[in-house]
Amino acid sequence: VQLQAFGGGLVQAGGSLRLSCAASGRTFSSYVMGWFRQAPGKEREFVATISWSGDNTYYADSVKGRFTISRDNAKNTVYLQMNSLKSEDAAVYYCARGPKYWRVGEPASNEFRYWGQGTLVTVSS
């Protein structure tokens, strides 16, 4: 399984970006997908996750109402629409493939076996 995240870049505070993550393999639609991020000097943190069908989503409190995770199983792609970006959103964003089962609540990063290479989001004030 290979995951490739792209779409990062430099954006002004208050602006928007859409990240994409393309996955290889024929079983993409069977798995939970997630986005995590890591800012310089900080630990990696959970951002959002989506069930295999796309019917269920869960967000970190810090991004709730501003970010939207979605997926297109026909394209083997998961997205993260980021609006109203803040300086504290600046980080390297990683997509990851989780388990097949969906559960409510923040997942642990060790539930995600496969990770993309990350895409850098920079927010200027």
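The preceding data block contains the structure.
A.B. asks: Before we go on, may I ask you to explain the environment of S30 in this structure?
C.D. replies: Take S30: it is sitting in the loop between β3 (17-23) and β4 (33-38). For the pair S30 and S53, spaced 23 residues apart in sequence, the C-alpha separation works out to 7.9 Å. Those residues in contact with S30 that sit more than four places away from it in its chain are W52 and K100.

A.B. asks: Is there a simple way to explain the pairing of strand β7 (residues 67-72) in this structure?
C.D. replies: Where a strand is regular, its side chains alternate between the two sheet faces. Residue alternation in β7 divides its side chains into a buried set, F67, I69 and R71, and an unburied set, T68, S70 and D72. With six bridges joining them, β7 and strand β8 (residues 77-82) adopt antiparallel strand pairing. Looking at the pairing, S70 lines up with Y79 of β8. Counting the residues that bridge the hairpin from β7 to β8 gives four residues, and of these N76 lies at a positive phi of roughly 55 degrees.

Thresholds applied
- Residues numbered from 1 in each chain as written.
- Predicted model: local features only at pLDDT ≥ 70, side-chain atom pairs only at ≥ 80, totals over all residues.
- Heavy atoms only, no water.
- Helix = DSSP H or I, 4+ residues; strand = E, 2+ residues; numbered from the N terminus.
- Contact = heavy atoms within 4.5 Å.
- Buried < 20%, exposed > 50% of the residue type's maximum accessible area, 1.4 Å probe, protein only.
- Pairing = 2+ DSSP bridges.

Any functional reading would require information beyond the geometric quantities listed.
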